[in-house]
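# Structure at a glance
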Amino acid sequence: MIARNLIPLAILAAMVTMNCSSNKEAGPGPGTTSRVFGKTPAGETVDLYTLRNAKGAEADVSTYGGVLVSLKVPDRAGVAGDIVLGFDDLEGYLKPEPYFGALIGRYGNRIAHGKFTLDGVKYTLARNDGENSLHGGNRGFDKVLWKAKAGSGASVELTYLSKDGEEGYPGNLSITVVYTLTDDNELKIDYTATTDKDTVLNLTNHSYFNLAGQGEGDILAHQVTINADRFTPVDKGLIPTGELRSVEGTPFDFRQPHAIGERINAPDEQLKFAKGYDQNFVLNRSGDGLVLAARVTEAKSGRVMEVLTTQPGLQFYTGNFLDGTIHGKGGRAYGPRSAFCMETQHFPDSPNHPDFPTVVLKPGGQYRETTTYRFSTESAGSPAK
Ligand code: GLA
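Because the structure is predicted, anything quoted here is derived from the model rather than measured. (Residues numbered from 1 in each chain as written. Predicted model: local features only at pLDDT ≥ 70, side-chain atom pairs only at ≥ 80, totals over all residues. Heavy atoms only, no water.)

### Quick word on the overall build of the chain
- Assigned secondary structure in the chain consists of 3 helices and 27 strands.
- Taking 21 Å as the expected radius of gyration for a compact globule of 385 residues, we find that the chain reaches 21 Å, a close match to that expectation.
- Within the span of the chain, comprising 385 residues, buried residues form 54% of the whole.
- Contacts in the chain between residues far apart in sequence, at least 24 positions, make up 65% of those at least 6 positions apart.
- Of the roughly 16700 Å² of accessible surface on the chain, a fraction of 53% belongs to carbon and sulfur atoms. (Helix = DSSP H or I, 4+ residues; strand = E, 2+ residues; numbered from the N terminus. Rg over C-alpha atoms; globule rule 2.2 N^0.38 Å. Buried < 20%, exposed > 50% of the residue type's maximum accessible area, 1.4 Å probe, protein only. Contact = heavy atoms within 4.5 Å. Areas by Shrake-Rupley, 256 points an atom, 1.4 Å probe, with all protein chains shown as cover.)

Pasting the structure below:
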């Protein structure tokens, strides 16, 4: 109350000018803003954070489910377009939907029969995918309200405390996820977590990408490269058999670029089980740190997406369960294979596969993973690389 009248006029004028100059014509400048996105059925307020970088790229992140609601990156003509599936309003996310853009946990992908044993104790989870537990159970991290704080620049920090016993998992798990949009057109997601009891976890983001723009048809012509010599084949219920199979001579060999549609209907048992691609790739890496996991290009828009991660695996899913009944942003119908997901992760069902990289987090330890989606463009006629 005191200060307002005392601010010298000259300073006030300067402040107003600064504000205007960052708002000139192109709309708000780089940084982070937030607005109310809606209310949950329980009456809690959900916010939507908008991150903007200096290149005009934009990402919207909801505190409900930590969902990446929209991601606008430039095409080769410099025109920003939204390349992730989702909904215009919170209501869309409150109905059953296939995890569009959401943060997934505690356990990304499947745990066989919803059961695992840790330190000799048997744990039972919800079977929400046939016989198996999928993406954290009935109320995974995609359906909880995260606390949010705008970070410096274009970033938002989300935090969530998953209580001991939540969805059947042991330990109070304290999680922080930071979304950052860099001026190099990278969307970086940093995940950290600590626990007070031994637990298992596997966090990821479930964005559905279509580099031609959300709702712009299928993704079969996108060219994909995946840096993996091996993948984890699955049984009919999409649970890994435990084998690490060579991609050599199979439709899973993406070590050189291939169109997604080129071999997707090949007479291959793995493709039949999943009705397309929905398998975990074992990323090639020597040591820890970020590796280039995948590269995807789309010829018409010229958009290129590179996925870098500290994780050992990548679930490449081609939207096989989309059937056109869901209408998303702008009323667009999302048909089969109208998007692809690249969920960086530990391998599915790892708690039941002691040979897979461990997903156990212990008190005193820190879970720390990073995934970066890096966007650029290439000129028309560029050979796929
Ligand atoms: C993951 C799974 C798929 C499917 C989708 C969500 O990608 O591997 O089988 O369940 O999530 O629909």
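Anyway, onward from the coordinates.
### Let's talk about the sheet that holds strand 21 (residues 278-283)
- The strand order across the open sheet built from 5 strands is 19-18-21-24-25, with neighbouring strands paired in antiparallel fashion. The two strands at the open ends of the sheet, each matched to only one other strand, are strand 19 (245-246) and strand 25 (341-345).
- Sheet analysis places strand 21 next to strand 24 (residues 313-317), joined by 5 bridges and oriented antiparallel. Bridging across to strand 24, Gln279 finds its partner in Phe316. (Pairing = 2+ DSSP bridges.)

### Structural notes on the sheet that holds strand 20 (residues 258-259)
- With antiparallel pairing, 9 strands are arranged side by side in an open sheet as 11-12-13-14-27-23-22-17-20. Of all the strands in the sheet, just strand 11 (147-150) and strand 20 have a single pairing partner and so form its edges.
- Sheet topology note: the strand 13 (residues 173-181)/strand 14 (residues 186-195) ladder contains 9 bridges and is antiparallel. By the bridge assignment, Ile175 is partnered in strand 14 with Ala193.

### Observations regarding the nonpolar core
- If you look at the biggest cluster of nonpolar residues, it comprises 58 residues, and the most contacted ones within it are Leu71, Tyr179, Ile226, Phe316 and Phe340.
- Excluding residues within four positions of it along the chain, Ile226 makes contact with Phe254, Arg255, Phe281, Leu283, Ala293, Ala294, Leu314 and Phe316.
- Residues Tyr64, Val69, Tyr317 and Cys341 belong to the second largest nonpolar core, which totals 22 residues. (Core = buried A, V, L, I, M, F, W, Y, C linked by side-chain atoms within 4.5 Å.)

### Regarding unusual backbone geometry
- In this chain, Gly105 is followed by Arg106 through a cis amide linkage whose omega measures -5 degrees.
- Within the secondary structure, Arg106 is located in the loop between strand 6 (102-104) and strand 7 (110-111).
- Its identity is not glycine, yet Arg337 carries a phi of approximately 60 degrees, on the positive side.
- Along the chain, Arg337 falls in the loop between strand 24 and strand 25.
- Within the chain, Asp349 stands out as a residue other than glycine whose phi angle is a positive 55 degrees.
- Here Asp349 shows up in the loop between strand 25 and strand 26 (360-361).
- By relative accessible area, Asp349 is classed as buried at 2%.

### Some remarks on the site of the ligand
- Near the ligand, the surroundings consist of 14 residues, among which Arg110, His135, His206, Asp278 and Glu343 are the closest.
- Separating an oxygen atom of the ligand from a side-chain N or O atom of Asn109 is a distance of 2.9 Å.
- Alone, the ligand offers 300 Å² of accessible surface; in the complex the protein occludes 96% of this.
- Its residues assigned to classes, the shell around the ligand comprises 7 nonpolar, 4 polar and 3 charged. (Near = heavy atom within 4 Å. Polar contact = N/O pair within 3.5 Å; in protein donor to acceptor, adjacent residues only side chain to side chain. Nonpolar A, V, L, I, M, F, W, Y, C, P; charged D, E, K, R; others polar.)

### Topic: the pattern of salt bridges
- Applying the stated criterion to the full structure yields 18 salt bridges.
- Measuring nitrogen to oxygen at the nearest pair gives 2.7 Å for the salt bridge that ties Arg110 to Asp129. Here Arg110 is found in strand 7, whereas its partner Asp129 is found in the loop between strand 9 (121-124) and strand 10 (133-134), with 19 residues between them in sequence.
- You can call Arg110 buried: its relative accessible area is 5%.
- Where Asp164 meets Lys197, a salt bridge forms, and the shortest distance between an N and an O atom there is 3.0 Å. Of the two residues, Asp164 is situated in the loop between strand 12 (155-162) and strand 13 and Lys197 in the loop between strand 14 and strand 15 (199-200); the sequence distance between them amounts to 33 residues.
- Look at Lys197 and you get partly exposed, because its relative accessible area is 38%. (Salt bridge = Lys/Arg side-chain N within 4 Å of Asp/Glu carboxyl O.)

### Focus on the packing of aromatic side chains
- Counted by the stated rule, this structure contains 24 aromatic pairs.
- Ring geometry for Phe37 versus Tyr93: centroids 6.4 Å apart, planes at 50 degrees, classification tilted. Placement of Phe37 in strand 1 (residues 31-39) and of Tyr93 in helix 2 (residues 90-94) is noted, with a sequence separation of 56 residues between them.
- Relative to Tyr160, the ring of Trp146 lies with its centre 5.6 Å away and its plane at 45 degrees, an arrangement referred to as tilted. On the criterion of sequence distance, the pair formed by Trp146 in the loop between strand 10 and strand 11 and Tyr160 in strand 12 is long-range, its members being 14 residues apart. Tyr160 shares its class with Trp146; the two are buried.
- Above the face of the Phe254 ring, Arg263 is positioned so that its terminal group lies 4.8 Å from the ring centre. (Phe/Tyr/Trp six-rings, centres within 6.5 Å; stacked < 30°, edge-to-face > 60°. Lys NZ or Arg CZ within 6 Å of the ring centre and 35° of its normal.)

### Quick word on the side chain of Glu166
- Residue position: Glu166 is located in the loop between strand 12 and strand 13.
- The side chain of Glu166 sits in the buried core without any salt bridge; Arg139 is the nearest counter-charge, 5.5 Å away.
- Reaching out from Glu166, the side chain makes a polar contact with the side chain of Tyr160 at a distance of 2.9 Å.
- What Glu166 contacts, discounting residues up to four positions off in sequence, is Phe141, Tyr160 and Leu161. (Lys, Arg positive; Asp, Glu negative; His and termini not counted.)

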